[in-house]
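A structural walkthrough
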Amino acid sequence: MFKAIVDAETLGDTLDSVSVLVEECKIHLEEDGLTIRAVDPANVGMVDLELESSAFESYEADGGLIGVDLSRLQDIAGMADKGQLVELELDEETRKLHIQIDGLEYTLALIDPDSIRQEPDIPDLDLSAEIVLEGSDIGRAVTAADMVSDHIALGVDPDAEFFYVDAEGDTDDVHFELDTADLIGLQAGDAHSLFSLDYLGDIQKAIPKDAEVTMELGEEFPVKLHFEIAEGQGRVTYMLAPRIQSD
Amino acid sequence: MFKAIVDAETLGDTLDSVSVLVEECKIHLEEDGLTIRAVDPANVGMVDLELESSAFESYEADGGLIGVDLSRLQDIAGMADKGQLVELELDEETRKLHIQIDGLEYTLALIDPDSIRQEPDIPDLDLSAEIVLEGSDIGRAVTAADMVSDHIALGVDPDAEFFYVDAEGDTDDVHFELDTADLIGLQAGDAHSLFSLDYLGDIQKAIPKDAEVTMELGEEFPVKLHFEIAEGQGRVTYMLAPRIQSD
Amino acid sequence: MFKAIVDAETLGDTLDSVSVLVEECKIHLEEDGLTIRAVDPANVGMVDLELESSAFESYEADGGLIGVDLSRLQDIAGMADKGQLVELELDEETRKLHIQIDGLEYTLALIDPDSIRQEPDIPDLDLSAEIVLEGSDIGRAVTAADMVSDHIALGVDPDAEFFYVDAEGDTDDVHFELDTADLIGLQAGDAHSLFSLDYLGDIQKAIPKDAEVTMELGEEFPVKLHFEIAEGQGRVTYMLAPRIQSD
């Protein structure tokens, strides 16, 4: 059983957060909210999302699992005007999701969850540095790095206490520094890892510019990015595997 | 003889209404205004337009007939800023149309009307249902239906008194209902017909979102759509042939 | 030695003025400001630009010469938000330009000036007519002419005292007239020359719509266009060679 009403923007943000990595996903319809975990085909980027029942206007579920085509569901959510509500109801028999937006009813065929890539285990890592910064700063770093290279180094200088971004191109370089005055928070530690700009660029698109993003970073380790959606009633975590340093 | 001054927006709306179906058309320059009738190459969609002389700042004509390339005339009208006037004058000898917009003069070669597809007779049909609705609702129905199918069913439930739209895809369906509270007017009657979304999508682009559209609908019959342009001093009628039901 | 701070918009306008004709250019870093002269590969369009030191927040230079890839520098300047300052500093040893925008540092490899096309001598011409007009009128003339032809005639009627633009297509013509009431200034004289719309269209993109443009025009001679940038603390001159009249 699944029956919920949610505003279009919250639904859209939820779907966008996952669709930057995968085209299809499994959604767990738990009693206290929905959760999604997914990994991209190359096993480089993972997402872990939860949206509490309190993020919905109304929410009823009893632990089901559905598989959805994300771009299709995004198109439907996109039919709603700003502020409009979206009603979702699962038909257990036909395995279709009924979606209603002010008189408009869309019947979406679901995907067999068994046919969707297995959900990843997102490891608990003990990363040495934690940086809290605005989403817009991640966007700025990615855009600048993208002008010269296809990978980006993220790091922390534990002595001087600043977070930095480095990108080295064949002829040009980009360096970006944010010190404790620019950051929301910094727990300094030795940290420096290299990442693919393709992935970080895609992930960055789903991070709201005004979001407070917590970044956990280590020494040639994956990076974790956490931020809230749905006014604090939802959480997204991305984990991105490092590239091997070329030097 | 033809000499007229019209504001750029009225001219643009007039041309847009016809250009969604054809690339060239004949324009009748009658004493009391201009009229255009045209049918698309496949004989599926027809348009009948009249723009009264009162829609113009000034208007003089004596029953001539000209043939025009619509996209060319649209480009010229597009040179005008919002609120600017467009002066049109026919040179009978050279068969060219002189178009002036604030110091800018464009001399447009006309097309021999005999070389343009014959104008259709738009039949007087006795259609069982009449729905009056906002242009934006037609847009919404077309966008939603287009997500799942390339045809769209329009119908009226005469007992429950509502207008509906249905589109059936291979896996997903769209259903859209507007009852008497959502509609501006409804004269219920048995009506259900299937149409090509290609055509209805094109036509819908020319219907202003805030227009009051009168739709006449029958049982496997063409649909007629009427709305006003030029603040009531012009009228557009579209007629779209039905597709044969597949079931 | 070169070290300067300039607002992003002034830097952007400067680069845009030159990049409509060439991809790379030499920049002279004079004590009293910077100058750029460049000619397109076909020797048809030339630009001569100077930006006084007073256009900068701070400026120090001693007569150096650098070669730059314009689109790369434009991308970097585009990273700045409206009103942000851009810091430029030349590293003489590495021949790299350090560009800083609020914590973001970009290291740009310069191009050997000797590898860039030689700078043109922009001839002092005695042109018979001078027209002063708004940048937006040049844009309007180019857009209209482009609808019918790939070249454009600019001329002055010395008796009737107006400036005109003519474009002749295979079937349609465009004529645009601005008299002394429409123009900011006119020094009439016999003048009529034909130009490539490709070039004038590109040049026009770099002319601000609200700029006061002085056009010097002759009889089958090049046209010169002058306007100010950086609130009067910079000047741009374009010179465009005429095409031979076909009639």
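Relevant structure appears above.
Described below are features of the structure shown in this document.

1. Things to note about the overall build of chain A
Each helix and strand counted, chain A has four helices and 18 strands in total. Against the 2.2 N^0.38 benchmark of 18 Å for 247 residues, chain A shows a C-alpha radius of gyration of 19 Å, consistent with a compact globule. Along the first, second and third principal axes, the C-alpha atoms of chain A reach 60 × 35 × 35 Å. Taking the intrachain contacts of chain A between residues at least 6 apart in sequence as the baseline, contacts between residues at least 24 apart amount to 68%. Carbon and sulfur atoms provide 40% of the accessible area of chain A, an area that totals close to 11400 Å². Between the mean site of the 14 positive side-chain charges and the mean site of the 59 negative ones, chain A shows a separation of 7 Å.

2. What about the interface of chain A and chain C?
At the junction of the two partners, chain A supplies twelve residues and chain C supplies 15 residues. Between chain A and chain C, the buried area comes to about 1200 Å², and carbon and sulfur atoms account for 51% of it. Looking only at chain A, the three residues that lose the most surface to chain C are A:Arg140, A:Met147 and A:Asp172, adding up to 50% of its buried area. In this assembly, chain A and chain C are joined by one salt bridge. Notably, a salt bridge pairs C:Arg72 with A:Asp172, separated by 2.8 Å at the nearest N-O pair. Where chain A packs against chain C, one counts nine residue pairs in polar contact (both at pLDDT 80 or more). No other element matches the five residues that strand E13 (residues 173-179) of chain A contributes to the side of chain A that touches chain C. Within the side of chain A that touches chain C, the residues separate by chemical class into five nonpolar, three polar and four charged. In this sheet, strand E9 (residues 104-109) of chain C lies alongside E13(A) in antiparallel orientation, the contact comprising four bridges. Within E9(C), the position partnered with A:His175 by the bridge is C:Glu105.

3. Overview of the environment of A:Lys209
With respect to the helices and strands, the residue A:Lys209 is situated in the loop between helix H4 (197-205) and strand E16 (212-217). Not counting the four nearest positions on each side in its chain, A:Lys209 is found in contact with A:Glu134, A:Gly135 and A:Ser136.

4. Topic: helix H1 (residues 8-19) of chain C
Owing to its 3.6 residues per turn, the α-helix brings residues three or four apart onto one side. All names here are of chain C. In a regular helix each residue adds 1.5 Å, so twelve residues correspond to 16 Å; H1 covers 16 Å between its end C-alpha atoms and thus fits that length. Among all positions of H1, only Ala 8, Thr 10, Leu 11, Gly 12, Thr 14, Leu 15, Ser 17 and Val 18 are buried. Its side-chain oxygen at 3.0 Å from the backbone nitrogen of Glu 9, Asp 7 defines the N-terminal cap of H1.

5. Concerning the packing of aromatic side chains
Taken as a whole and assessed by the stated rule, the structure comprises twelve aromatic pairs over all chains. Taking the centre distance of 6.0 Å and the plane angle of 70° together, the rings of B:Phe2 and B:Tyr59 count as edge-to-face. Remark: B:Tyr59 occurs in strand E5 (residues 58-61) and B:Phe2 occurs in strand E1 (residues 2-7); sequence separation between them is 57 residues. Judged by its relative accessible area of 13%, B:Tyr59 is buried. Chaining the aromatic ring pairs together yields one cluster made of A:Phe2, A:Phe56 and A:Tyr59.

6. Side note on the relation of the copies chain B and chain A
The transformation that overlays chain B on chain A combines an axial shift of 0.1 Å with a rotation of 120°, and the residual RMSD is 0.0 Å. Taken together, the rotation and translation relating the two chain copies correspond to the operation of a three-fold axis. By C-alpha distance to the rotation axis, the residue of chain B lying nearest is B:Lys82, at 16 Å.

7. Here we look at helix H2 (residues 70-78) of chain B
All names here are of chain B. All of the buried residues along H2 are Leu 70, Leu 73, Ile 76 and Ala 77. Here the buried residues of H2 occupy an arc of 125° about the axis, which is enough to place them on one side. For H2, the capping residue at the N-terminal end is Asp 69, with a side-chain oxygen 3.2 Å from the backbone nitrogen of Ser 71.

8. Focus on unusual backbone geometry
For A:Asn43, which is not glycine, the phi torsion reads 65° and is therefore positive. Tracing the chain through its elements places A:Asn43 in the loop between strand E3 (33-39) and strand E4 (45-52). Its identity is not glycine, yet C:Asp102 carries a phi of approximately 45°, on the positive side. With respect to the helices and strands, C:Asp102 occurs in the loop between strand E8 (96-101) and E9. On the accessibility criterion, C:Asp102 (56% relative accessible area) is exposed.

9. So, the interface of chain B and chain A
Taken together, the contact pairs twelve residues of chain B with 15 residues of chain A. For the chain B and chain A pair, buried surface summed over both sides reaches about 1200 Å², with 51% attributable to carbon and sulfur atoms. Looking at the side of chain B facing chain A, the largest losses of area belong to B:Arg140, B:Met147 and B:Asp172, adding up to 50% of the total buried there. Counting the contacts that link chain B with chain A gives one salt bridge. Summed over the shared surface of chain B and chain A, the result is nine residue pairs in polar contact (both at pLDDT 80 or more).

10. With respect to a negative patch on the surface
A surface patch of negative charge is lined by A:Asp81, A:Asp102, B:Glu177, B:Asp179 and B:Asp182. Position of B:Asp179 relative to the elements: it lies in strand E13 (residues 173-179). Using a relative accessible area of 35% as the deciding quantity, one classes B:Asp179 as partly exposed.

11. Looking at the pairing of strand E10 (residues 129-134) of chain C
Residue and element names in this part refer to chain C. Where E10 and strand E16 (residues 212-217) come together, six bridges link them in antiparallel fashion. Across the sheet, the residue bridging to Glu 134 is Glu 212, located in E16. Where E10 and strand E14 (residues 185-187) come together, three bridges link them in antiparallel fashion. Within E14, the residue paired with Glu 130 across the bridge is Gln 187.

12. Quick notes on the pairing of strand E2 (residues 24-30) of chain A
All names here are of chain A. Among the seven residues of E2, five are classified as buried, and the element is accordingly described as predominantly covered. In the sheet, E2 pairs with strand E6 (residues 64-69) via six bridges, with the strands oriented antiparallel. Across the sheet, the residue bridging to His 28 is Leu 65, located in E6. With three bridges connecting them, E2 and E3 associate as antiparallel partners. Bridge pairing in E3 places Leu 29 opposite Leu 34. Between E2 and E3, which pair antiparallel and follow one another directly, the connecting turn spans two residues.

13. Some points on the sheet that holds strand E15 (residues 191-196) of chain B
As a general point, the strands of a sheet are linked pairwise by backbone hydrogen bonds and lie either parallel or antiparallel. The nine strands lie next to each other as E5(A)-E1(A)-E7(A)-E8(A)-E9(A)-E13(B)-E12(B)-E11(B)-E15(B), forming an open sheet whose pairing is antiparallel. Each of the sheet's edge strands pairs with one partner strand only, and the pair in question is strand E5 (58-61) of chain A together with E15 of chain B. In this sheet, adjacent strand axes meet at a mean angle of 20° when their direction is disregarded. As defined by bridge partners, strand E12 (residues 162-168) of chain B adjoins E13(B) across seven bridges and the pair is classed as antiparallel. Directly across from B:Phe162, in E13(B), lies its bridge partner B:Asp179. Lying on the sheet, helix H3 (residues 135-146) of chain B is in contact with strand E8 (96-101) and strand E9 (104-109) of chain A together with strand E11 (151-157), E12 and E13 of chain B; it crosses E13(B) at an angle near 165°. Each of E11 and E15 of chain B touches helix H4 (residues 197-205) of chain B; the most contacted strand, E15(B), lies at about 90° to it.

14. Remarks on the sheet that holds E1(B)
Within the open sheet, the nine strands sit side by side as E5(B)-E1(B)-E7(B)-E8(B)-E9(B)-E13(C)-E12(C)-E11(C)-E15(C). Their pairing is antiparallel. Strands with a single pairing partner mark the edges of an open sheet, and in this sheet they are E5 of chain B together with strand E15 (191-196) of chain C. The average angle at which neighbouring strand axes cross in this sheet is 20°, direction not considered. In the packing of helix H1 (residues 8-19) of chain B onto the sheet, the strands contacted are E1 and strand E7 (85-91) of chain B, and the crossing angle to E1(B) comes to about 105°. Running at roughly 90° to E15(C), helix H4 (residues 197-205) of chain C makes contact with strand E11 (151-157) and E15 of chain C of the sheet.

What counts, and where the lines are drawn
Residues numbered from 1 in each chain as written. Chains lettered and ligands numbered in written order. Predicted model: local features only at pLDDT ≥ 70, side-chain atom pairs only at ≥ 80, totals over all residues. Heavy atoms only, no water. Helix = DSSP H or I, 4+ residues; strand = E, 2+ residues; numbered from the N terminus. Rg over C-alpha atoms; globule rule 2.2 N^0.38 Å. Contact = heavy atoms within 4.5 Å. Areas by Shrake-Rupley, 256 points an atom, 1.4 Å probe, with all protein chains shown as cover. Lys, Arg positive; Asp, Glu negative; His and termini not counted. Charge placed at Lys NZ, Arg CZ, Asp CG, Glu CD. Buried area = accessible area lost by both parts, 1.4 Å probe. Salt bridge = Lys/Arg side-chain N within 4 Å of Asp/Glu carboxyl O. Polar contact = N/O pair within 3.5 Å; in protein donor to acceptor, adjacent residues only side chain to side chain. Nonpolar A, V, L, I, M, F, W, Y, C, P; charged D, E, K, R; others polar. Pairing = 2+ DSSP bridges. Expected span 1.5 Å × (residues − 1). Buried < 20%, exposed > 50% of the residue type's maximum accessible area, 1.4 Å probe, protein only. Phe/Tyr/Trp six-rings, centres within 6.5 Å; stacked < 30°, edge-to-face > 60°. Least-squares fit on C-alpha atoms with pLDDT ≥ 70 in both. Arc of directions from axis to C-beta. Patch = residues over 30% accessible without salt bridge, like charges linked within 9 Å, V, L, I, M, F, W, Y side chains within 5 Å. Axes fitted to C-alpha atoms, helices over the stretch in contact; angles between N-to-C directions.

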